[in-house]
Amino acid sequence: MKPVLDAVVKLVNTIRYRGLTHRQFRDFLQSVQSEYSDVLYYTKVRWLSAGCVFERVWQLKDDIVSFFHEKQCSEECEMLEDTEWLLDFAFFTDLLCHMNNLNVKMQGKNQFIDDIWAHLKAFKLKLNLFAGQLAKNDLSNFSRLNSIPLVN
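What counts as what
- Residues numbered from 1 in each chain as written.
- Predicted model: local features only at pLDDT ≥ 70, side-chain atom pairs only at ≥ 80, totals over all residues.
- Heavy atoms only, no water.
- Axes fitted to C-alpha atoms, helices over the stretch in contact; angles between N-to-C directions.
- Helix = DSSP H or I, 4+ residues; strand = E, 2+ residues; numbered from the N terminus.
- Parallel < 35°, antiparallel > 145°, perpendicular 65-115°, else oblique.
- Contact = heavy atoms within 4.5 Å.
- Nonpolar A, V, L, I, M, F, W, Y, C, P; charged D, E, K, R; others polar.
- Polar contact = N/O pair within 3.5 Å; in protein donor to acceptor, adjacent residues only side chain to side chain.
- Patch = residues over 30% accessible without salt bridge, like charges linked within 9 Å, V, L, I, M, F, W, Y side chains within 5 Å.
- Areas by Shrake-Rupley, 256 points an atom, 1.4 Å probe, with all protein chains shown as cover.
- Salt bridge = Lys/Arg side-chain N within 4 Å of Asp/Glu carboxyl O.
- Lys, Arg positive; Asp, Glu negative; His and termini not counted.
- Charge placed at Lys NZ, Arg CZ, Asp CG, Glu CD.
- Buried < 20%, exposed > 50% of the residue type's maximum accessible area, 1.4 Å probe, protein only.
- Phe/Tyr/Trp six-rings, centres within 6.5 Å; stacked < 30°, edge-to-face > 60°.

For the protein, an unreviewed UniProt entry supplies the name General transcription factor II-I repeat domain-containing protein 2B and the organism Araneus ventricosus.

So this is what it looks like as structure tokens:
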């Protein structure tokens, strides 16, 4: 999954690195009346932020492709048009979102160790369930992966 992570981080950095490109991208999102106004940064220090970054890039993938085509820089986002890469991206995004949900459940005040342990055991069982479902081509817990037409 490292190649997918590296590609998404590179894409986000391409958009956010230069101030002009970043402003143009935000203006583009505003002009197309996108639900989101920007992409999020990924930092290794907060590794669970990857789920939020991937989710945002997934939501904006069509807008990102349109933006780079408009700027005539389609090589920057060619992976978002590759179905094989999109499958890996969708799977990784779904998996990271499940991990983020676990992380949120384990945070907060008055969390006792037995509650945290129960969340971890439940997540382990969930992973076994996911593995069984994927073996049967059941993508009910992988909404992004299921949304790609070739997978259906």
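Student: What's the story with the packing of helix α1 (residues 2-17) against helix α2 (residues 19-31) in this structure? I'm lost.
Tutor: Any two packed helices are characterised by the angle at which their axes cross and by the distance between the axes. For the pair α1 and α2, the least separation of the axes is 5 Å and the interaxial angle reads 100°. For the element pair α1 / α2, the angle class is roughly perpendicular. Contact with α1, carried on its side by Thr14, Ile15, Arg16 and Tyr17, involves Gly19, Thr21, His22 and Phe25 of α2 and no other residues of that element. For the contact of α1 with α2, the per-class residue count stands at three nonpolar, four polar and one charged.

Student: It is not clear to me how unusual backbone geometry should be interpreted in this structure. Could you clarify?
Tutor: Glycine aside, a negative phi is what most residues show, and trans is what most peptide bonds show. With phi around 55°, glutamine 33 is a residue other than glycine that occupies positive phi space. With respect to the helices and strands, glutamine 33 occurs in the loop between α2 and α3 (49-70).

Student: Help me understand the side chain of threonine 93, please; the structure alone is not making it clear to me.
Tutor: Looking at the element boundaries, threonine 93 is found in helix α4 (residues 83-105). In terms of polar contacts, threonine 93 uses its side chain to reach the backbone carbonyl oxygen of phenylalanine 89, at 2.7 Å. Sequence-distant contacts of threonine 93, that is, excluding residues within four places in its chain, are made with Phe54, Glu55, Trp58 and Arg144.

Student: So what exactly am I meant to see when it comes to a negative patch on the surface here?
Tutor: Together, Glu75, Glu78, Glu81, Asp82, Glu84 and Asp88 line one region of the surface with negative charge. For aspartate 88, the position within the fold is in helix α4. For aspartate 88, a relative accessible area of 37% corresponds to the partly exposed category.

Student: Could you clarify how one ought to interpret the pattern of salt bridges in this entry?
Tutor: Tallied over the entire structure, the rule returns four salt bridges. Two residues, aspartate 38 and arginine 16, come together in a salt bridge whose shortest N-O distance is 3.6 Å. With aspartate 38 in the loop between α2 and α3 and arginine 16 in helix α1, this pair connects stretches of sequence that are 22 residues apart. Note that arginine 144 is salt-bridged to aspartate 94, the shortest N-O span being 2.4 Å. Of this pair, arginine 144 sits in helix α6 (residues 143-146) while aspartate 94 sits in helix α4; the two residues are 50 residues apart in sequence, bridging distant segments of the chain. A network of salt bridges, in which partner residues are shared, links Glu55, Asp94 and Arg144.

Student: Would you explain the packing of aromatic side chains in this entry?
Tutor: Note on aromatic pairs: each is described by the distance of the centres and the angle between the planes. Enumeration over the complete set of coordinates arrives at nine aromatic pairs. Ring geometry for phenylalanine 25 against phenylalanine 67: centres 5.2 Å apart, planes inclined by 75°, an arrangement best described as edge-to-face. With a gap of 42 residues between them, phenylalanine 25 in helix α2 and phenylalanine 67 in helix α3 connect regions that are remote in the sequence. Side by side, phenylalanine 25 and phenylalanine 67 carry an identical accessibility label, which is buried. Ring geometry for phenylalanine 130 against phenylalanine 142: centres 5.2 Å apart, planes inclined by 65°, an arrangement best described as edge-to-face. Of this pair, phenylalanine 130 sits in helix α5 (residues 113-135) while phenylalanine 142 sits in the loop between α5 and α6, placing them 12 residues apart in sequence. Since its relative accessible area comes to 3%, phenylalanine 130 is described here as buried.

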